[in-house]
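Fold and geometry: a report
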Amino acid sequence: MRKALVAGNWKMNGTINDVKELTSKICQTEWNDVDIMLAPSFAHMHSVSEILSGTNVLLAGQDCSEFDQGAFTGETSADMLADLGCTHVIVGHSERRQFFGDDDLRVARKARKAQIKRLCPIVCVGETLEERDSGKTTEVIERQLCAVFEMIENKFVIAYEPVWAIGTGKSATPEMAQEVHENIRQYSAAHSHANGSDLRILYGGSVKPDNADELFSMPDIDGGLIGGASLDSESFLKICCSAAKLIN
Ligand code: PEP
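Residues numbered from 1 in each chain as written. Predicted model: local features only at pLDDT ≥ 70, side-chain atom pairs only at ≥ 80, totals over all residues. Heavy atoms only, no water.

1. Quick look at helix α1 (residues 16-27)
Counted at 1.5 Å a residue, the expected span for α1 with its twelve residues is 16 Å, and the 16 Å between its end C-alpha atoms agrees. Turning to α1, its buried residues number three or more, namely Val19, Leu22, Thr23, Ile26 and Cys27. All buried residues of α1 project into a common sector of 130 degrees when viewed along the axis, lining one side. Those residues of α1 that are buried lie in contact with β2 (34-39), α2 (42-52) and α10 (233-246). (Helix = DSSP H or I, 4+ residues; strand = E, 2+ residues; numbered from the N terminus. Expected span 1.5 Å × (residues − 1). Buried < 20%, exposed > 50% of the residue type's maximum accessible area, 1.4 Å probe, protein only. Arc of directions from axis to C-beta. Contact = heavy atoms within 4.5 Å.)

Here it is in structure tokens:
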């Protein structure tokens, strides 16, 4: 059985006071049926980590370096994240792929480094609108997964995030998302060390309180990676409630 997971990706937003307040509000509810995870920026990680200690809310990095340590200005190592209490790290987010040159190979190396350092990678995959319109969704996602599966062991999470749905307010329909999630599960069962039926596959892309129920009702959607809506505690908590109610 797969336990629901809802992760908030706060990206490069807010002040320390903003994120402390947001974290405290999210921690006021105790969650058992769903794993809740927060991914603050590295600059805010320590403050958030302190508030999370003693709760069962998980902490994740938004990215990590493919290298161990050394002269890599601006980078964050997997060890640094683990030191601050992270259990997970997002790799291959489309913003990293699009703006920071993270190609399939680098994403795979980051996922591998995370696992070596005992962090669970959340591997993001997804197609652009142009790729979807030209019928290449499956091909693109399998290419992205294949690169990672060649390098990692069995503990990971996949996040399907169609690039055209991220931050646009235009979510995939539940049926569109389900079709891709089902393919990802089958492909992962056949080509990775993961047991397909245990693998958690999150959907991300304009998830809001008013579409979370229909997305989370789909059999292969095990939770969400939430951007914009995770910056508002009320919206994020409503999405968490949907996951707790509908998944498992
Ligand atoms: C994201 O960036 O991972 C994301 C899903 O963003 P949003 O929810 O804002 O579309």
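There is more to say, and it comes next.
2. A closer look at the site of the ligand
Close to the ligand lie 14 residues; Lys11, His93, Glu161, Gly167 and Ser206 are nearest. Taking glutamate 161, its side chain carries an N or O atom lying 2.7 Å from an oxygen atom of the ligand. The separation between an oxygen atom of the ligand and a polar main-chain atom of glycine 167 is 2.7 Å. Here the ligand, which alone exposes 290 Å², has 98% of that area covered by the protein. Here the shell around the ligand is composed, by residue class, of four nonpolar, eight polar and two charged. (Near = heavy atom within 4 Å. Polar contact = N/O pair within 3.5 Å; in protein donor to acceptor, adjacent residues only side chain to side chain. Areas by Shrake-Rupley, 256 points an atom, 1.4 Å probe, with all protein chains shown as cover. Nonpolar A, V, L, I, M, F, W, Y, C, P; charged D, E, K, R; others polar.)

3. Thoughts on the environment of proline 162
One can find proline 162 in the loop between β6 (157-160) and α8 (174-191). In sequence terms proline 162 and proline 209 are 47 residues apart; their C-alpha atoms lie 19 Å from each other. Beyond its immediate chain neighbours, meaning those up to four positions away, proline 162 contacts Gly126, Glu127, Ala172, Tyr203 and Gly204.

4. Quick word on the packing of aromatic side chains
In this structure the tally under the stated criterion is four aromatic pairs. Between phenylalanine 149 and tyrosine 187, the ring centres sit 6.2 Å apart and the planes meet at 25 degrees, which makes this aromatic pair stacked. Here tyrosine 187 lies in helix α8 and phenylalanine 149 lies in helix α7 (residues 137-149), a separation of 38 residues in the sequence. The rings of Phe149, Phe156 and Tyr187 are connected pair by pair, giving a single aromatic cluster. (Phe/Tyr/Trp six-rings, centres within 6.5 Å; stacked < 30°, edge-to-face > 60°.)

5. Topic: the pattern of salt bridges
Across all of its chains, the model carries 22 salt bridges by this definition. The shortest N-O distance in the salt bridge between arginine 96 and aspartate 63 comes to 3.3 Å. Of this pair, arginine 96 sits in helix α4 (residues 94-99) while aspartate 63 is found in the loop between β3 (58-61) and α3 (78-83), placing the two residues 33 residues apart along the sequence. Sharing partners across several salt bridges, the network here consists of Asp63, Glu66, Arg96, Asp102, Arg106, Arg109 and Lys110. (Salt bridge = Lys/Arg side-chain N within 4 Å of Asp/Glu carboxyl O.)

6. Comments concerning unusual backbone geometry
One non-glycine residue, lysine 11, lies in the positive phi region at around 50 degrees. With respect to the helices and strands, the residue lysine 11 is situated in the loop between β1 (4-9) and α1. Notably, serine 206 is not glycine yet its phi reads approximately 55 degrees, a positive angle. Structurally, serine 206 can be placed in the loop between β7 (201-204) and α9 (209-216). Given the relative accessible area of 9%, serine 206 is considered buried.

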